[in-house]
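These are the residues of each chain, in order.
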Amino acid sequence: MGKQFLIYGANGYTGELITRFAADRGLKPILAGRNAIAVEELAKKHHLEYRVFSLDETDRLDAALQEVDMVLHCAGPFSITSRPMVEACLRNKKHYTDITGEISVFETCAAMGKKAEEAGVMLMPGCGFDVVPSDCLALHLKNRLPGARRLALAYAGFGRVSRGTATTAIEGLGRGGLVRRGGVLTPVPPAWKTRRIDFGEGPRPAITIPLGDLSSAWHSTGIPDIELYFAAPPALRALAVASRYLGPVLGSAAVRRFLTARVRAGAPGPTEDERRRGRAFVWGEVEDAEGRRAVSRVATPEGYTFTARAALASVDRVLAGQAPAGFQTPAKAYGPDFVLGIPGVTRTDL
Ligand SMILES: NC(=O)c1ccc[n+]([C@@H]2O[C@H](COP(=O)([O-])OP(=O)(O)OC[C@H]3O[C@@H](n4cnc5c(N)ncnc54)[C@H](OP(=O)(O)O)[C@@H]3O)[C@@H](O)[C@H]2O)c1
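In this report, we go over the structure that sits alongside the text. (Residues numbered from 1 in each chain as written. Predicted model: local features only at pLDDT ≥ 70, side-chain atom pairs only at ≥ 80, totals over all residues. Heavy atoms only, no water.)

## Comments concerning the packing of helix H1 (residues 13-24) against helix H13 (residues 303-319)
For clarity, the cut-off: Axis definition: a line fitted to C-alpha atoms, over the contacting stretch in the case of helices. Angles run 0 to 180 degrees between N-to-C directions. Secondary structure elements follow DSSP: runs of H or I of four or more residues count as helices, runs of E of two or more count as strands, with numbering from the N terminus. Roughly parallel refers to an angle under 35 degrees, roughly antiparallel to one over 145, roughly perpendicular to one between 65 and 115, and oblique to any angle outside these ranges. Handedness of each helix crossing follows the sense of rotation of the near helix against the far helix: counterclockwise by less than a right angle gives left-handed, clockwise gives right-handed. The contact criterion used is simple: two residues touch if any of their non-hydrogen atoms lie within 4.5 Å.
Two numbers describe how H1 lies on H13: the axes approach to 9 Å, and their chain directions differ by 55°. Here H13 runs oblique to H1, going by the angle between their axes. By crossing handedness, the relation of H1 to H13 is classed as right-handed. Contacts between H1 and H13 involve Tyr13, Thr14, Leu17, Ile18, Phe21 and Ala22 from the former and Tyr304, Thr305, Thr307, Ala308, Arg309, Ala311 and Leu312 from the latter.

Structure representation (structure tokens):
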């Protein structure tokens, strides 16, 4: 049998999209998840094998991993789902990739890097929209200005988000903001800073936000001061500022339950048409101690389409034997130009 991969959480919005793209390319992943009816239906639709187990069914999880070379983990929030899958990958000596954008998951995988190295296993979270373009951009900028001490990255162009993305965001509510200072993750208030950033269509206001790059870009570039921004209209900025005073309320179990129920009642994610028409943008700036600066931008297809393509591009690399052991980021493993191999992506140096 050829090299194989497992898609866990295949029946989710993003897992399903990745499965469809994989099947269109003639790939034969084994699909998996805990929802028997949904996973079976999807597998039958694409003539693929499937396994049904939850992440605490260790024997079944181990048995499924024994059949493959790697996992593409698509079940989130990853703060809940990642650890059992990473531990199973280490036990079974299989490579781990996922599509998280959660800081805690990058940090946990980085902390397990030594163990992974010893096991000959690659742990590479963040193979989706957050963080492939930004991680590659960060390393590209570091190469343009090797003495860089400060890095700012910014996102724009999110359209409608999936239920899973919204649920994951709810998990993080009330936790406040974060930046990296002197190499250390440092708490700051939500929407701590506002900047006007030109993503290619004129300057727009953007606010600081805690995204996975605060971890991945640090591991990819070693730049000690990192800030992440998100293009936000004034109303969203006002809401973020208000959350400074509502942190304990927003983080309460009751509010989370209420918001999660609202999300579950909504659409699963962007429609085909929204995905086809959507574009997303990442901007980055580095500065060194002498005040020299470099700025670059990346434009990508819509975020979920990009995520599906980027995740499968990572699978291609791993199955081709490019799986350096230990904790990896996409840019560290495959270089700053990895993102340019994904259809529809352009990069501009300013
Ligand atoms: N970084 C990025 O750019 C990016 C892009 C896309 C998605 N994501 C992330 O990927 C995750 C999935 O997004 P989605 O849009 O596919 O969400 P979704 O449609 O809600 O699907 C979630 C999937 O995860 C499974 N799942 C959730 N909790 C689980 C648990 N405790 N144990 C086992 N399986 C579990 C669900 O299984 P059930 O059906 O059984 O509940 C379902 O298969 C989210 O965390 C999202 O933030 C990130």
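More follows now that the structure is in view.
## Some points on helix H9 (residues 213-221)
The following threshold applies: Relative accessibility decides the category of a residue: with a 1.4 Å probe and only protein chains considered, values under 20% of the type maximum give buried, values over 50% give exposed, and everything between is partly exposed.
A large share of H9 lies buried, amounting to seven of its nine residues. Among the residues of H9, Asp213, Leu214, Ser215, Ser216, Ala217, Ser220 and Thr221 are the ones counted as buried. Directly after H9, the chain includes Gly222, whose backbone phi takes a positive value near 75°.

## Some thoughts on the side chain of Thr307
Filter applied, for reference: Between N or O atoms, a polar contact is any pair within 3.5 Å; within protein, one atom must be a potential hydrogen donor and the other a potential acceptor, and residues adjacent in sequence are included only when both atoms are from side chains.
Looking at the secondary structure, you find Thr307 in helix H13. A residue is classified by how much of its surface remains accessible, and Thr307, at 8% relative accessible area, is buried. For Thr307, the side chain forms a polar contact with the main-chain oxygen of Gly303, separated by 2.8 Å. Not counting residues up to four positions away in its chain, the partners in contact with Thr307 are Thr14, Ile99, Cys127, Gly128 and Phe129.

## Looking at the packing of helix H4 (residues 78-92) against helix H5 (residues 103-111)
Think of two packed helices as two axes; the pair is described by the angle between the axes and how far apart they sit. For clarity, the cut-off: Under the grouping applied here, Gly and all other residues not named as nonpolar or charged are polar, the nonpolar ones being Ala, Val, Leu, Ile, Met, Phe, Trp, Tyr, Cys and Pro and the charged ones Asp, Glu, Lys and Arg.
Two numbers describe how H4 lies on H5: the axes approach to 9 Å, and their chain directions differ by 20°. Taken as axis vectors, H4 and H5 run roughly parallel relative to one another. The way H4 lies across H5 gives a crossing that is right-handed. Residues Phe78, Ser79, Ser82, Arg83 and Val86 of H4 lie in contact with H5, whose contacting residues are Ser104, Val105, Thr108 and Cys109. When its residues are assigned to classes, the contact of H4 with H5 shows four nonpolar, four polar and one charged.

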